[in-house]
Amino acid sequence: MKPERRDQLKQYISIRKLAKLANVNECHLSSIVNGNRRASKSLAQILTQHVNALLETPYFTIEDFRPENNK
């Protein structure tokens with residue numbers, strides 16, 4: 001995830017809370033958000049849905065959690 005998107009994500013929801021909502025390990029999610037790992041397509045869809053549910057207008061995309069390259 002790009003640094004500016006990561007900062008925006010953290011304004012809306014904590015990694016801990018998002019991990020609970022998505023039923024994923026907090027350390028694993030942190031690695032994804034920090035760009036050290038790439039989420040599976042299904043996990044990226046789940047994360048995108050949970051985050052966008054908090055917003056009036058959807059902002060985050062699957063590609064935020066599944067970038068073409070990790071950094």
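Provided above is the structure to which this section pertains.
The structure presented is a predicted model; accordingly, all values stated were derived computationally and were not measured. (Residues numbered from 1 in each chain as written. Predicted model: local features only at pLDDT ≥ 70, side-chain atom pairs only at ≥ 80, totals over all residues. Heavy atoms only, no water.)

Colleague: Before we go on, may I ask you to explain the packing of helix 2 (residues 15-22) against helix 4 (residues 41-52) in this structure?
Modeller: When two helices pack together, their arrangement is captured by the angle between the axes and the distance separating the axes. The contact between helix 2 and helix 4 brings their axes to 10 Å, and the two run at 120°. Here helix 4 runs oblique to helix 2, going by the angle between their axes. Seen from above, helix 2 lies across helix 4 with right-handed handedness. Contacts between helix 2 and helix 4 involve Leu 18, Leu 21 and Ala 22 from the first element and Leu 43, Ile 46, Leu 47, His 50 and Val 51 from the second. Residues of the contact of helix 2 with helix 4, tallied by class, amount to seven nonpolar, one polar and no charged. (Axes fitted to C-alpha atoms, helices over the stretch in contact; angles between N-to-C directions. Helix = DSSP H or I, 4+ residues; strand = E, 2+ residues; numbered from the N terminus. Parallel < 35°, antiparallel > 145°, perpendicular 65-115°, else oblique. Left-handed = near helix turned anticlockwise from the far one by under 90°. Contact = heavy atoms within 4.5 Å. Nonpolar A, V, L, I, M, F, W, Y, C, P; charged D, E, K, R; others polar.)

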